[in-house]
Amino acid sequence: MIDRNPPSVLILGATSEIGRAIAAAFAAAGHPLRLAARNSVRLEATCQDLCLRYGVEVTRHEFDVLAVETHAAFLEGLPDLPGVTVCVVGVLGNQRQDEQAPEAARWVMRSTYEGPASVLAEVANRYAVLGQGSIIGISSVAGDRGRASNYIYGSAKAGLSAYLSGLRGRMAKVGVQVMTVKPGFVETRMTAGLPLPPALTAQPEEVGAAVYRGWKHRKDVIYVRPVWRWIMMVIRLLPEWLFKRLSI
Amino acid sequence: MILGGWGRYPVADCRVADLRDETGARDAVLRASATLIARGQGRSYGDAALNPAGTLLTRRLNRFLAFDPQTGDLTCESGVLLDDILSVFVRRGWFPPVTPGTRQVSLGGMIAADVHGKNHHQAGPFCRHIRALDLMLADGRVVTCSPDQEPGLFRATCGGMGLTGIILRATVRLMPIETAWIRQRVIRCASLSEVMAAFAAAGDAPYSVAWIDGLSGGGALGRSVLFLGAHALRQDLPPSLRQDPLRVPERRRLSVPVPLPGAVLSPPVVRLFNGVYFRRAQEGTGLVDLDSFFYPLDAVRHWNRIYGRRGFVQFQCVLPLAASAEGLARLLAVTAAAGLGSFLSVLKLFGPGPGGMLSFPMEGYTLALDFPLSAAVPGLLRQLEAIVCDHGGRLYLAKDALMTPQTFRSGYPELPGFLAECDRVGATGCFSSLQSQRVMP
Ligand SMILES: Cc1cc2nc3c(=O)[nH]c(=O)nc-3n(C[C@H](O)[C@H](O)[C@H](O)COP(=O)(O)OP(=O)(O)OC[C@H]3O[C@@H](n4cnc5c(N)ncnc54)[C@H](O)[C@@H]3O)c2cc1C
Ligand SMILES: NC(=O)c1ccc[n+]([C@@H]2O[C@H](COP(=O)([O-])OP(=O)(O)OC[C@H]3O[C@@H](n4cnc5c(N)ncnc54)[C@H](OP(=O)(O)O)[C@@H]3O)[C@@H](O)[C@H]2O)c1
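Residues numbered from 1 in each chain as written. Chains lettered and ligands numbered in written order. Predicted model: local features only at pLDDT ≥ 70, side-chain atom pairs only at ≥ 80, totals over all residues. Heavy atoms only, no water.

Participant: Just checking my understanding: could you explain the overall build of chain B for this structure?
Facilitator: Looking only at helices and strands, chain B has 14 helices and 22 strands in total. Here the C-alpha atoms of chain B give a radius of gyration of 21 Å, agreeing with the 22 Å that 2.2 N^0.38 yields for 441 residues. Considering only C-alpha atoms, chain B reaches an extent of 60 × 55 × 45 Å along its principal axes. Restricting the contact set of chain B to residue pairs at least 6 apart, pairs at least 24 apart contribute 75%. (Helix = DSSP H or I, 4+ residues; strand = E, 2+ residues; numbered from the N terminus. Rg over C-alpha atoms; globule rule 2.2 N^0.38 Å. Contact = heavy atoms within 4.5 Å.)

What follows is the structure in structure tokens.
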């Protein structure tokens, strides 16, 4: 069913395939889109595509999650305050190299936790005043437990998940929805070349559809694919003495 | 990644990479240490879109870029699916100028195979409707080609099976339609000469194709059901459909979950099916929706699995008009005698429309036969190939998995010009598929 006046949707990190897929899922339901990214001319083709396919209004905007001091002005510069804000921004980095390069590790952590949390704080405060709006943060199963193979990124996602969880508690009282999305493996630019197990790996379109459905049903936390909820439950239950010996 | 074509034969373990944008495509060609081939949806039947050394997937290169409602010109990235074009544009009153028998092909694949549709006798092949395309060459340069700009490269790329470079974007001119319906006429023909006469008489029908019984010999050799079609106008629709003439009815989709055991399509079963099909076909005229007319097989997802684990091959040839009657009779007689069970056999009369250097269509009859793979099949195909060569015909690269280099050379007289064009733009030694390695060693 299509709302008569669907709220506009802001996608932070719209150059990612997951961001594009989420944008498409909302556009298919008639939502106008605000696509944001660094160097946003790169969004031109995606804007054209979404506009041609779904006949919705699509605008693009310059946005850098690390330029935290610009976030307020960025939001003021949008055509309207979007009814839904989705933050897809995150940086995986290279765990092995980043262990030896504190500067690079900090960049991963800031891009994946500090930046997203900062911009969502600005959005949340505006939604709180209005008493409406939806905030969707793309976190990761990597944040559910720190693993030796990607704990720099994982810790940042853990921070983001905790932040969203707390924000959800605060916002629940004023009628603002906060949804945490935890994808497992997704076949994107970020994971290109990694050997991913097909049964556990989602296509970006699956994430897009799941996010839209979760938003519609006002979910708090979703896993994509859903089986990851159970996998991560088991992983979290493993005792530390065993977990630290595993090479996962 | 283990990949195959639609026939699931052959399969090969290929190094794959997704192309995401022009920059990514340039990185891929400049970094390549061996040859590469582009791959759309893998709906070609054999090994045209396989290269173990490097297969570049275009599925993520799938943006619509521009549409001009004055002319119908649609510009897309090459990985856009025909399915997407139909979903978006039929509702707005536009239809592809030429369409193959499935929606699940990419724009790049349609150009690279210069596909034909049931309207070839009027509309020519697909690439006649390509206004321009952007091709990435082996050195990373992007060249815009069209009938006026780089015409040699354009004619090499249309039907060139990915061997000139990677098609990044293209502009195709869609055609306006008033409704999402086809006025269909069904004619039963008891023999080959009858169906050929019916085709010749049906030149005015925009769409025509025949299902032909590939198993019956003797008096019933070539018995067929001919389907003619034209886009219905608004006034052709009953009042109940006139309200929303471009609405496409929902389809129920079935799926074949796993490859079926070989016995399911054994010759006796197919013979039975063909007999029932022929007798059941209702002659007469009526309205059918676009999906039922153009894409009947899409109603069953993974229908290629009905042929079992070993896969199947398709044999599609075209014979020059003058040699068609005799050549078809011989092809059908040999097939019927072999009794290997061709289930989906299709006959169509092509028009003279010129295409690219390696485009398949020529004026004459095209015949397509499916064979579930068995030890006897390659031998039969050699026999059929010889008949095709004797009659000055050729085989369709997009359907082929087994043809010999001799058959290929004999069918494609413009091959030397094609190879020269590949040399000129530096494609030789940079782009190749298992198929090109086989037929142009
Ligand atoms: C059920 C069914 C019905 C069919 N009916 C018809 C029909 O009626 N008429 C007809 O003509 N064909 C028909 N075909 C064949 C099909 O249309 C062609 O094989 C088409 O090329 C498939 O497109 P694809 O995207 O799957 O390409 P693929 O199979 O992936 O590739 C086919 C060729 O195109 C090249 N290619 C693909 N993308 C690019 C690109 N971006 N740049 C350069 N080269 C590229 C590949 O290298 C390869 O050589 C049918 C196929 C099926 C399965
Ligand atoms: N792929 C997976 O398996 C997987 C699994 C779980 C979670 N995720 C999460 O899903 C999200 C999308 O990832 P993806 O897989 O689609 O990979 P991606 O393409 O690398 O997505 C990352 C996005 O973050 C943006 N970004 C990075 N730094 C930025 C900055 N300083 N300012 C603004 N934007 C910035 C990138 O923009 P640029 O184009 O400018 O770089 C890009 O749009 C990420 O948060 C990721 O952590 C992915």
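Resuming the write-up.
Participant: What exactly am I supposed to notice about the UniProt feature "domain: FAD-binding PCMH-type" (unreviewed entry) in chain B here?
Facilitator: Annotation from UniProt places "domain: FAD-binding PCMH-type" (unreviewed entry) at residues 8–177 of chain B. Between the end C-alpha atoms of residues 8–177 of chain B there is a gap of 36 Å, over a span that is 21% helix and 26% strand. (UniProt positions renumbered as here; feature names shortened; annotations may be inferred.)

Participant: Looking at this structure, I do not really get the domain arrangement of chain B. What am I missing?
Facilitator: Accessible area lost upon the coming together of the parts serves often as the stated size of an interface. Residues and elements named next belong to chain B. The domain boundaries assigned to chain B delineate domain 1 (60–177) and domain 2 (181–404). The gap between the C-alpha centroids of domain 1 and domain 2 is 24 Å. Taken residue by residue, the interface counts 33 residues in domain 1 and 36 residues in domain 2. Interface area for domain 1 against domain 2, summed over the two sides, is near 2,900 Å², with a carbon-plus-sulfur share of 58%. If you sort the residues of domain 1 by the area they bury against domain 2, His116, Lys118 and His121 come out on top, with a joint share of 25%. (Domains from an automatic or database assignment. Buried area = accessible area lost by both parts, 1.4 Å probe.)

Participant: Quick question: what am I supposed to make of the nonpolar core here?
Facilitator: The nonpolar side chains of soluble globular proteins are, as a tendency, buried together. Of all hydrophobic cores here, the largest spans 124 residues; its most connected members are Ile111, Leu133, Phe315, Leu347 and Phe371 of chain B. For this core, the leading source of residues is helix α11 (residues 377–390) of chain B, giving six residues. Residues from two domains meet in this core; each of domain 1 (60–177) and domain 2 (181–404) of chain B gives at least three. Residues Ala23, Val58, Val181 and Ala202 of chain A belong to the second largest nonpolar core, which totals 35 residues. (Core = buried A, V, L, I, M, F, W, Y, C linked by side-chain atoms within 4.5 Å. Buried < 20%, exposed > 50% of the residue type's maximum accessible area, 1.4 Å probe, protein only.)

Participant: Which parts of the structure should I look at to understand the site of ligand 1?
Facilitator: Residue and element names in this part refer to chain B. If you check the shell around ligand 1, you find 34 residues, and the closest are Ala38, Arg43, Ser44, Ser106 and Tyr396. Within the backbone of Gly42, one N or O atom sits 2.8 Å away from an oxygen atom of ligand 1. One of the backbone nitrogen or oxygen atoms of Gly101 is found 3.0 Å away from a nitrogen atom of ligand 1. Here ligand 1 has 950 Å² of accessible area as a free molecule, and 96% of this is covered by the chains. Those elements that place two or more of their residues in the shell around ligand 1 are β4 (37–39), α3 (107–112) and β11 (166–173). When its residues are assigned to classes, the shell around ligand 1 shows 17 nonpolar, 14 polar and three charged. Residue-level mapping places the shell around ligand 1 at the junction of two domains, with at least three residues from each of domain 1 (60–177) and domain 2 (181–404). (Near = heavy atom within 4 Å. Polar contact = N/O pair within 3.5 Å; in protein donor to acceptor, adjacent residues only side chain to side chain. Areas by Shrake-Rupley, 256 points an atom, 1.4 Å probe, with all protein chains shown as cover. Nonpolar A, V, L, I, M, F, W, Y, C, P; charged D, E, K, R; others polar.)

Participant: Please clarify how the pairing of β11 of chain B should be interpreted in this entry.
Facilitator: When a strand is regular, its side chains alternate between the sheet's two faces. Residue and element names in this part refer to chain B. For β11, the tally of buried residues reaches six of eight residues, placing the bulk of the element in the interior. Pairing geometry for strand β7 (residues 73–77) and β11, over five bridges, is antiparallel. Note that in β11 the partner of Glu77 across the bridge is Arg169. Where strand β9 (residues 130–136) meets β11, six bridges bridge the pair, whose relative direction is antiparallel. Pairing of Leu133 across the sheet is with Ala170, part of β11. (Pairing = 2+ DSSP bridges.)

Participant: Can you walk me through the site of ligand 2 in this structure?
Facilitator: Residues and elements named next belong to chain A. Taken together, 28 residues surround ligand 2, and among them Thr15, Arg42, Val88, Tyr153 and Thr188 come closest. At 2.8 Å from an oxygen atom of ligand 2 is found a side-chain nitrogen or oxygen belonging to Arg42. The side chain of Arg189 places a nitrogen or oxygen atom 2.9 Å from an oxygen atom of ligand 2. For ligand 2, the protein covers 94% of the area, taking 870 Å² as the surface of the free molecule. Sorting the residues of the shell around ligand 2 by element identifies α1 (17–28), α6 (151–172) and β7 (185–186) as the ones contributing at least two each. Split by residue class, the shell around ligand 2 holds 13 nonpolar, nine polar and six charged.

Participant: What am I meant to see in the packing of aromatic side chains here?
Facilitator: All told, the structure shown has 21 aromatic pairs over all chains when counted by the stated rule. Look at Phe63 of chain A and Phe74 of chain A: their rings are 4.8 Å apart centre to centre, the planes differ by 45°, and that puts the pair in the tilted class. Of this pair, Phe63 of chain A sits in the loop between β3 (58–62) and α3 (71–76) while Phe74 of chain A sits in helix α3; the two residues are eleven residues apart in sequence, bridging distant segments of the chain. Side by side, Phe63 of chain A and Phe74 of chain A carry an identical accessibility label, which is buried. Relative to Trp94 of chain B, the ring of Phe67 of chain B lies with its centre 5.5 Å away and its plane at 80°, an arrangement referred to as edge-to-face. Of this pair, Phe67 of chain B sits in strand β6 (residues 64–68) while Trp94 of chain B sits in strand β8 (residues 94–95), placing them 27 residues apart in sequence. We note that Phe67 of chain B, like Trp94 of chain B, is buried. Three or more aromatic residues link up through ring pairs in this structure, and these residues are Phe95, Tyr207, Phe293, Phe294 and Tyr295 of chain B. The aromatic ring of Phe243 of chain A is capped on one face by Arg145 of chain A, whose charged end is 3.8 Å from the ring centroid. (Phe/Tyr/Trp six-rings, centres within 6.5 Å; stacked < 30°, edge-to-face > 60°. Lys NZ or Arg CZ within 6 Å of the ring centre and 35° of its normal.)

Participant: Even after reading the chapter, I still don't get unusual backbone geometry, so can you show me in this structure?
Facilitator: In this structure, Arg225 of chain A follows Val224 of chain A across a cis peptide bond, with omega equal to -10°. Counting through the fold element by element, Arg225 of chain A comes out in the loop between β9 (221–224) and α8 (227–237). Note that the residue after Tyr9 of chain B, namely Pro10 of chain B, is joined by a cis bond; omega there is -5°. Considering the arrangement of structural elements, one finds Pro10 of chain B in the loop between β1 (2–4) and β2 (11–13). Notably, Asn39 of chain A is not glycine yet its phi reads approximately 50°, a positive angle. Positionally, Asn39 of chain A belongs in the loop between β2 (33–37) and α2 (44–54). For Asn39 of chain A, a relative accessible area of 43% gives the class partly exposed. One non-glycine residue, Asp114 of chain B, lies in positive phi territory at about 40°. Within the element layout of this structure, Asp114 of chain B appears in the loop between α3 and α4 (120–123). Of the residues examined, Asp114 of chain B reaches a relative accessible area of 0% and is grouped as buried.

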